[in-house]
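Here is what each chain is made of, one letter per residue.
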Amino acid sequence: MEIAAQVRAKFCCMKVAKDGIRSIVRIGYDGRVHKTFRGTDREARFENEIRVLQVLEERGCDFVPRYLDSDRESLTLVTTNCGSPVENTITDAKAKEIFDRIENEYGVVHDDPFPRNITYDNRAGYFCAIDFELATVLKDPTGLEATNKTEETQFRCLDWSGLSISGKRKSRNQDSLSVFISADGWAEESNLKGHQCIDLSGVIFVVSDGMGGQAAGEVASEMVVKDLRKFLPAYLGDFHGGENLEGVLEDAVNSLHEHVETVGQRRPHLTGMGATLVCGLFHRSTVTFAHVGDSRFYRFHDGELTQLTHDHTYLGSLFRRGKMTELEMRTHPRRNVLEQAIGGGCQIVTPQVDSARIESGDWFLICSDGVIDGLWNKHISRVFEEATAEDTPVEDVAQRISDWACEESGMDDTTLFVVRAV
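Residues numbered from 1 in each chain as written. Predicted model: local features only at pLDDT ≥ 70, side-chain atom pairs only at ≥ 80, totals over all residues. Heavy atoms only, no water.

**Q** Explain the overall build of the chain to me, please; I cannot follow it from the model alone.
**A** Of the regular secondary structure elements, the chain holds eleven helices and 23 strands. Here the chain holds 422 residues, and 53% of them are scored as buried. Counting every atom, the chain has about 19,600 Å² of accessible surface; 48% of that belongs to carbon and sulfur. (Helix = DSSP H or I, 4+ residues; strand = E, 2+ residues; numbered from the N terminus. Buried < 20%, exposed > 50% of the residue type's maximum accessible area, 1.4 Å probe, protein only. Areas by Shrake-Rupley, 256 points an atom, 1.4 Å probe, with all protein chains shown as cover.)

Right under this line is the structure:
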C-alpha cells in the first residue's frame, strides 16, 4: 500500500476536531491528538512545534500538550489530549495570564496568545495552551538549562532494588512486589534489581500488602502485583508515555479492584480477601503513581523527604488535618484499620492518583507498612541523606532500610523498592 493510502486508512476512523488552512486536527480512538500540517511553510512549522513541545517538557511545563510521536512523511504530529476549547468562556485576561506564565516561567513565546488557543482539561482540572507551531523558544528563565544539559541526559535512567522479608508474627509472607517494563510489552516480570533507561520505556514498580487470613492475604497481594499487568495494556496500548497516565492508572486500578473482589466472592476460601496497592510508573521526567490502602510512596529530593501518598485510614485523615501527631498515629490501636483496599469487600474505591517530577539524584521508596512500623520518616530521610553523601549503591540502601526496619520492629512483613534517578 502506498504511503498516502496508508495515511488515509489510518485517519479514516478518527474524529476531525479542526479543519483549517494551516492544519487538520483529528482525535484518535485512544484520545491522542493527530495534527497534520499543510499550507505555507508546513515543514518548518511541523519541526518547530515538535522542538517547542520538547523544550516545554524538559523545562517542566505540564499545562501544554506532550509530544508523543510524529510522521515526517505525512507531517503529522501526535500529542496528548488537553481537553476542549474554551474560546467562548475564558476571558482575555485569563488567557493572557496563562501565556505570560509560559513565557516568564518556561521561556516560550506563543505567536497567537489568545483564547482560541486555550483548552480545559476536565480530568486534570486546569487550563492548557495549545498550537505552538510558530512559537519562539527563549533562554531558560531559570538559568539551569545550560549547566544541567549533560546531567539532564544522564538522569533519564533508573537503578532499583526490591526486597521482601517475612514478619515474625506470620508463618507466610503476605506482601508481594513486582517490576515490569513497557519495552517488554508489560508481559514479563523484570528482576527485582536492575537498571533501565526511561527516555523511551516506562518502568512500573508495584508493592502490595495482603489481608484476609493466611492464604487469602497471600493470594490477594500476588494477584494485585501480577494482574495489574492484565489491565495496563488495555489502557496504555502502544506505550509512548504521554497519554493521560493518571487517568490510565486510575482506570487500571479500578478494574483491578473489581477483578480481585469478583474472585474473592466466587471462591469460598478466599472470601473477604483484599490488599493494599502502591505503584509508580516512571517515564522520562515524570513518575505517575496510584495508591489504595496504607502502603506508601516517598520521594527524597534535595535533602527533603516527602510522603507522596496519604494513608487511606481514619487516623491518616486526622494526621493530614493536623489533628494527630506522627507519634500518636503510630501508637494508636486502630492505626492499621483501612478505609479502602483492593477487594476486601470494599464497595467504593477512590485511588489516590498523582504525579511528581523526577530530577537528577532523586531517591524513591515504595514500601508496605512493615517498613513504617520500624522506621519513622526522619529515619528514612537519614538513610537517604547518608546514601547521597556517600554515593551508596541502591541495593545497599534498600538492604539498609530493610535491616533497620526489621531491627526496630520486624513483626509485620517488610517489603520495599528503593529507586534512584541516575
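**Q** Explain the pairing of strand β18 (residues 296–301) here, please?
**A** Among the six residues that make up β18, five are buried, leaving the element largely enclosed by the rest of the structure. One ladder, built from five bridges, connects β18 with strand β22 (residues 363–367); its direction is antiparallel. Paired with Arg296 across the strands is Cys367, a residue of β22. The pairing of β18 with strand β19 (residues 304–307) spans four bridges and is antiparallel. The partner of Tyr298 across the bridge, within β19, is Gln307. Hairpin connection from β18 to β19: two residues lie between these consecutive antiparallel strands, with Asp302 at a positive phi of about 55°. (Pairing = 2+ DSSP bridges.)

**Q** So what exactly am I meant to see when it comes to the sheet that holds strand β2 (residues 23–27) here?
**A** Paired through backbone hydrogen bonds, the strands of a sheet run either parallel or antiparallel to each other. Sheet architecture is open: five strands sit in the order β1-β2-β3-β5-β4, paired in antiparallel fashion. With partners counted over all chains shown, the strands left at the sheet margins are β1 (15–19) and β4 (67–71), one partner each. Pairwise comparison of adjacent strand axes, ignoring direction, gives a mean angle of 20° for this sheet. Bridge analysis of β1 against β2 gives four bridges, and the strand direction is antiparallel. Pairing of Lys15 across the sheet is with Ile27, part of β2. (Axes fitted to C-alpha atoms, helices over the stretch in contact; angles between N-to-C directions.)

**Q** I tried to follow the environment of Gly274 on my own but got confused; where do I start?
**A** Its place among the elements puts Gly274 in strand β15 (residues 274–275). Spatially, the C-alpha atoms of Gly274 and Gln340 are 9.6 Å apart, while their sequence positions differ by 66 residues. Excluding residues that lie within four positions of it along the chain, Gly274 makes contacts with Asp209, Gly210, Met211, Ala220, Ile342, Gly343 and Gly344. (Contact = heavy atoms within 4.5 Å.)

**Q** Can you help me understand the pattern of salt bridges in this one?
**A** Any two side chains of opposite charge can pair, given that their charged atoms come close. What the rule picks out here adds up to 20 salt bridges. We note a salt bridge from Glu133 to Lys35, for which the minimum N-O separation is 2.7 Å. Taken together, the residues span a long stretch of sequence, with Glu133 in the loop between β9 (126–129) and β10 (136–137) and Lys35 in strand β3 (residues 33–37) at a distance of 98 residues. Between Arg45 and Glu133 there is a salt bridge, with the nearest N and O atoms lying 2.7 Å from each other. (Salt bridge = Lys/Arg side-chain N within 4 Å of Asp/Glu carboxyl O.)

**Q** Can you walk me through the confidence of the model for the chain in this structure?
**A** Note that predicted coordinates carrying low pLDDT should not be read in detail. For the chain, per-residue confidence averages 86 on the pLDDT scale, and residues scoring 70 or more make up 87% of the total. The element-level mean pLDDT for the chain is lowest in helix α4 (residues 149–154), coming to 46, with β22 highest at 98. Counted against residues more than four places away or in other chains, residues 1–7, with its pLDDT under 50, gives four contacts. Long-range and interchain partners of residues 149–155, a stretch whose pLDDT sits below 50, account for nine contacts in this model, where long-range means more than four residues apart. (pLDDT = per-residue confidence, 0-100.)

**Q** Even after reading the chapter, I still don't get the sheet that holds strand β23 (residues 414–421), so can you show me in this structure?
**A** Reading across from one edge, β13-β11-β23-β22-β18-β19 is the order of the six strands in this open sheet, with antiparallel pairing throughout. Both edges of this open sheet fall to β13 (193–197) and β19, since each of them pairs with a single strand only. The average angle at which neighbouring strand axes cross in this sheet is 20°, direction not considered. Pairing of strand β11 (residues 157–165) with β23 involves eight bridges; the strand directions are antiparallel. Pairing of Ser161 across the sheet is with Val418, part of β23. In the packing of helix α10 (residues 377–390) onto the sheet, the strands contacted are β18, β19, β22 and β23, and the crossing angle to β18 comes to about 45°.

**Q** Explain the side chain of Glu261 here, please?
**A** Mapped onto the elements of the fold, Glu261 is located in helix α6 (residues 245–266). Of the side chains with opposite charge, Arg266 lies nearest to the buried Glu261, which makes no salt bridge, at 11 Å. (Lys, Arg positive; Asp, Glu negative; His and termini not counted.)

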